[in-house]
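Each chain, written out:
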Amino acid sequence: MAEATVSFAVERLGGLLIEEARFLHGVGDKVTEIQAELRMMRCFLRDADARQYEDEVIRNWVAEIREAAYDAEDTVETFALKLARRRRSGFQNILKRYACILSEFKTLHEVGTAIDAIKSRISHLTASLQSYNIRSIAEGEGSGFRNETQRLPRKTYSHDVDEDTVGLEDSMEILLEQLMKPDKRCSVVSICGMGGLGKTTLAKKVYHHVHVRQAVQGILIQLTSADEGHKTKIRNMRDEELFESVYKIQEEKKCLVILDDMWKIGDWESLKPAFPLHKAGSKILLTTRVQEVASHADPQGFLYQPELLSEEKCWELLRTIAFPRDDTRDPTTINNRELLGKEMAKDCGGLPLAVVVLGGLLATKHHTYEWERVHKHTKSYLRKGKGKYEQQGSGVSDVLALSYQDLPYQLKSCFLYLGHFPEDHEIHTKALVRMWVAEGIVSRVEEETSEDVAEGYLDELIGRCMVQVGRRGSNGRVQTCRLHDLMRDLCLSKAEEENFLEIVNLQQMETFSSSMPTTRTSNKVRRRAIFLDRCRPLESVEEARLLSENGDEGANSYVNLIPQNGTYLRSLLTFDTQYSSIIPKVLRNTDWKNFKLLRVLSLEELLLKENIPEALGNLIHLKYLSLKSASLPSFPSSIRNLGCIQTLDLRFYSAADADQPINCFGINKVIGRMKWLRHLYLPMYLKVDDSKVQWDKLSNLETLKTLMENIGRYKIWPS
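A. Examining the overall build of the protein chain more closely. Scanning the protein chain from terminus to terminus reveals 28 helices and 21 strands. Residues counted as buried form 50% of the 719 residues belonging to the protein chain. Intrachain contacts of the protein chain at a sequence separation of at least 6 include 73% that bridge at least 24 residues. By element, 49% of the accessible surface of the protein chain is carried by carbon and sulfur atoms, the whole surface being about 34,500 Å².

The following block contains the structure:
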C-alpha cells in the first residue's frame, strides 16, 4: 500500500508542477528532486510492502516512507495555495505590493526548508535499505516469494475431503452436468467467487463423485500406481518434457484436470501447453477469485459463481461442526448454546469458511460461559482465527487478505476508500467514482477520462470478487455496490494499518483489530467518516450525558474534528446524520479555514436550522460537495468561491417547509464561476431571479439535473 501512496504522490507532484507552475517558481527544482527520490523509492517499496507483514522494523520503515510522501504533497500543495490566495487578492497600493513580495520570499524560504527536510528524511530512509536487505523490484515484476509464502498454508490435496459440508447439492448437480456433457473440445469449467466461499471444497466433491471417478478411472490408476522409479523420472523432467507427457496421457484417456486457486492469467498461459485444448475428451475444472482469469482461460467456457449460504444453512453447518454427534448434555445447556450459535451464525455473513472457523473454535469450548465470550466478540475471533486456524493462517482475515495483497497498487486505495461507508450500505457508484477522482486516487489514462478509468477500477474489484454488485441498470452498468461484512472488516483493518482512514461512530466507537500490529507514525488523519449506527445501543450513557453538557465544543472533541486535525484532511463523509443532533453542532463549531486541503465533503441528510457556515466557501481545493437530502434554511451562496468544484449536489430541501422553493438570487454569480464543474444537481424547487447562467462558460459540464421551467410565479427546477 505504501507503493500506492508514493506512486500517487509522484503523480500529484508532477501534476502540481504543471498546474501551479507560476506559483511554484523558485521551488520547482526542489519539487522535481523530491519527485525523483520518491520515484526511485517506489521500486524498493514493492519488496518492502510484501515483507512488512513479517518484520516490524520494515513495517516502521514503510510507514515512515508513506508519511514522507504524504508530507511532500501536503507541503507543496499548501504552498501553492498560499501564493494563489495572495495573488488573487491583488495589490491595491505600492506598500501592500512590497509587503506581499517580502511575504512571498519568506514563504519560499519556508517551503524550501520544509522540502529539504523531507528530502533528507527520504535520503536517510534510502540509506537504510541495504541493512534491511530490501531489494529493488522493477515494474511488472511481482514479489512472488511473499505471496507464495502466504499461500503455503492453503495447499490442498485431492484425498483430503471435507466431510462437514452443507448446501452443495445444487452446485454439484450444475457442475456435474457441465463436466459430463460431451464436447468437441477440451473445455474449461470455472468456479469463481470470493475467498472462503468453498470453491476448493466444491471442486474436491466433484473430483470424488462416483460418476466422475468412473469416467476418469483409467488415468487415475495410471498415475497412482506408478512405481518409485517412474515417480523419480517424473520429478527429474524438465517442464516441457512433463507437459508433453501429460498432454499425451490426455490424448489417450478422458481426464479431469483440476487447477485450484489460480490468480494470474500468466499462470494459465504457463500451464496451457499441457492441455489438448482443441481436442475432445478431457475437461478442466478451474477455481479462482478473479473472473478475468476464468474468462481468459476459456471465453466460451462455463462460469459458475456459488452463492453465499442462507442463515438456515449457516446454522446447519455450524451445528454439524460445533456440536458432538451424540450430545448427551442436558437439554437446557444444549438449548442455550443453540440460541447463541444461531446468533453467531448470522455474523458469518453466509461465508462457509467463516462458519467452519467459528464451528471449529466452538467445538473446543466445553462450557457455556466460553460460548458466551465468543458470542460477545464473534467477528474478532473470525478475523484472527484461533487454535489450529491461527497456526494454519486460515482465519477469515488471512484468507481474504490474499485478495487485497494481490491487487495492483492503483486498486488498493480504491478498495480502502470503500471503508468510508457503513455496514450494509448501498453505495451509489456514480458518487463513488467521482469521489475517487476528486481525491486524486484515480488519474486519466491516455484517451480515457478519469471517471472512465475509475469505473474500470470498480469493475475490476467486482471481477476480483472483492466488491458485490447491488443493482445494475438496463445497459448492464453497475448502479450500486456494497461490501460483504467480513470484506468490510478486512478493508477497515487495512485502512487502519495504513493510516488511510478513521471511522467515528456516534453511538459506539468502532475498533478494528488486526493480525498485524498497527504502526502509526503520525496523527495526520487524511480521511474521516462519521456516522450514526442506529442498530447499536449507546456504549456509554455517561459519555452521552457529558457530550450534552459540553455542547458544541464537546461535540467536536467527540468526533475528533478539532482544528488541528483538519489541516491534512482530504475527505469528510457523514451518514445517517438526520438521527443525530451532534453533527449540526460540529458543523457550526468547526473552524473550516483549517480544512484547506479538503477535496471531498459529503453532508447528505444533514438537518440544519441555521445557514451553512460562510467559511465553507474558502475550501478552494474542494472538488466534491454533496448536500443531497439535507434540510437547509437557505441556499448556501458561499459556494460561489469553490473554483475547483467538479461535482456539486444541491438536492436539498427547505428546512421551513419541504414543499417550498429555495431562494437563490444571482444564480449566475454562484454557478457561473465554476469552470471545472462536471456534474450539477439542483434542488427540486428553486426560486431564482432573472439572471441567466452563462452555460457556455461551463465547458466541462456533463450532467445537469434538471432544466428550468416557468411554473406560476416561480422558476422551478424539477428533479
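B. Structural view of the state of the cysteines. For the structure shown, the criterion picks out 0 disulfides. With no disulfide of its own, cysteine 465 has cysteine 192 as its nearest cysteine by sulfur position, at a separation of 3.8 Å.

C. How the structure looks around unusual backbone geometry. Even without glycine at this site, aspartate 424 takes up a positive phi of about 65 degrees. On the accessibility criterion, aspartate 424 (54% relative accessible area) is exposed. At serine 629, a position not held by glycine, the phi torsion is positive, near 65 degrees. Within the secondary structure layout, serine 629 lies in the loop between strand E12 (624-626) and strand E13 (631-632). Serine 629 gets classed as partly exposed once you look at its relative accessible area, which sits at 33%.

D. View of the confidence of the model for the protein chain. This prediction gives the protein chain a mean pLDDT of 77; 71% of its residues lie at or above 70. A low-confidence stretch, residues 509-521 stays under pLDDT 50, and its non-local contacts, those more than four residues away or across chains, total 35 contacts.

E. Fine view of the nonpolar core. In this structure, Val396, Phe415, Tyr417, Leu432, Trp436 and Leu461 are the most contacted members of the largest nonpolar core, which totals 79 residues. If near-sequence neighbours (up to four positions away) are discounted, leucine 432 is found in contact with Tyr417, Leu418, Phe421, Ile427, Leu458 and Cys481. Among the nonpolar cores identified, the runner-up in size contains 42 residues, and Ile530, Ile662, Cys664 and Val670 belong to it.

F. Quick peek at the sheet that holds strand E6 (residues 468-472). The strand order across the open sheet formed by 3 strands is E5-E7-E6, and the pairing between neighbours is antiparallel. Of all strands in the sheet, those bounded by a partner on one side alone are strand E5 (427-428) and E6.

G. Layout of the packing of helix H14 (residues 311-322) against helix H16 (residues 352-362). At their nearest, the axes of H14 and H16 sit 8 Å apart, and the two run at 30 degrees to each other. In terms of their interaxial angle, H14 and H16 are classed as roughly parallel. Between H14 and H16 the crossing geometry is right-handed. Along the contact surface, H14 presents Cys314, Leu317, Leu318, Ile321 and Ala322, while H16 presents Pro352, Val355, Val356, Leu358, Gly359, Gly360 and Leu362. For the contact of H14 with H16, the residue count by class is 10 nonpolar, 2 polar and no charged.

H. Quick look at the environment of leucine 45. As for its position among the elements, leucine 45 is in helix H2 (residues 28-51). Remark: the alpha-carbon pair of leucine 45 and valine 62, spanning 17 residues in sequence, is separated by 7.4 Å.

I. Structural detail: the sheet that holds strand E10 (residues 571-575). Taken together, the 8 strands give an open sheet; going across it, the order is E8-E9-E10-E11-E12-E14-E17-E19, and neighbouring strands pair in parallel fashion. The open sheet has two edge strands with one neighbour each: strand E8 (502-505) and strand E19 (703-705). Taking the axes of each pair of neighbouring strands and ignoring which way they run, one obtains an average angle of 10 degrees across the sheet. Two elements, E12 and strand E14 (residues 647-649), share 3 bridges in a ladder whose sense is parallel. Pairing of serine 626 across the sheet is with aspartate 649, part of E14.

J. Molecular detail of the side chain of arginine 526. By secondary structure assignment, the location of arginine 526 is in the loop between E8 and strand E9 (527-531). By relative accessible area, arginine 526 is classed as buried at 1%. Here the side chain of arginine 526 touches glutamate 67 through a polar contact of 3.5 Å, side chain to side chain. Residues within four places of arginine 526 in sequence aside, it is in contact with Glu67, Tyr70, Asp71, Asp74, Tyr568, Leu569, Arg570 and Ser571.

K. Here's a closer look at the packing of aromatic side chains. Within the structure shown, the criterion is met by 8 aromatic pairs. Judged by centre distance (5.9 Å) and plane angle (20 degrees), the rings of tryptophan 268 and phenylalanine 275 are stacked. On the basis of relative accessible area, tryptophan 268 is assigned to the buried category, the value being 1%. With a relative accessible area of 8%, phenylalanine 275 lands in the buried category. Seen in terms of ring centroids, tryptophan 315 and phenylalanine 323 are 6.0 Å apart; in terms of plane orientation they differ by 90 degrees. Their pairing is edge-to-face. Here the two residues tryptophan 315 and phenylalanine 323 agree in accessibility, since each one is buried. Taken together through their ring pairs, the aromatic side chains of Trp315, Phe323 and Trp371 make up a single cluster. Its guanidinium or amino end placed over the ring of tyrosine 404, lysine 412 lies 5.3 Å from that ring's centre, counting from NZ or CZ. The aromatic ring of phenylalanine 500 is capped on one face by arginine 527, whose charged end is 3.9 Å from the ring centroid.

L. Inspection of the pairing of strand E7 (residues 478-482) at higher detail. Strand direction decides the pairing type here: E5 and E7, joined by 2 bridges, are antiparallel. Across the sheet, residue histidine 428 finds its bridge partner in E7, namely threonine 480. One ladder, built from 4 bridges, connects E6 with E7; its direction is antiparallel. Within E7, the position partnered with valine 469 by the bridge is cysteine 481. Hairpin connection of E6 to E7: 5 residues between the antiparallel strands, including glycine 476 at a positive phi of 90 degrees.

Criteria and thresholds
- Residues numbered from 1 in each chain as written.
- Predicted model: local features only at pLDDT ≥ 70, side-chain atom pairs only at ≥ 80, totals over all residues.
- Heavy atoms only, no water.
- Helix = DSSP H or I, 4+ residues; strand = E, 2+ residues; numbered from the N terminus.
- Buried < 20%, exposed > 50% of the residue type's maximum accessible area, 1.4 Å probe, protein only.
- Contact = heavy atoms within 4.5 Å.
- Areas by Shrake-Rupley, 256 points an atom, 1.4 Å probe, with all protein chains shown as cover.
- Disulfide = S-S within 2.5 Å.
- pLDDT = per-residue confidence, 0-100.
- Core = buried A, V, L, I, M, F, W, Y, C linked by side-chain atoms within 4.5 Å.
- Pairing = 2+ DSSP bridges.
- Axes fitted to C-alpha atoms, helices over the stretch in contact; angles between N-to-C directions.
- Parallel < 35°, antiparallel > 145°, perpendicular 65-115°, else oblique.
- Left-handed = near helix turned anticlockwise from the far one by under 90°.
- Nonpolar A, V, L, I, M, F, W, Y, C, P; charged D, E, K, R; others polar.
- Polar contact = N/O pair within 3.5 Å; in protein donor to acceptor, adjacent residues only side chain to side chain.
- Phe/Tyr/Trp six-rings, centres within 6.5 Å; stacked < 30°, edge-to-face > 60°.
- Lys NZ or Arg CZ within 6 Å of the ring centre and 35° of its normal.

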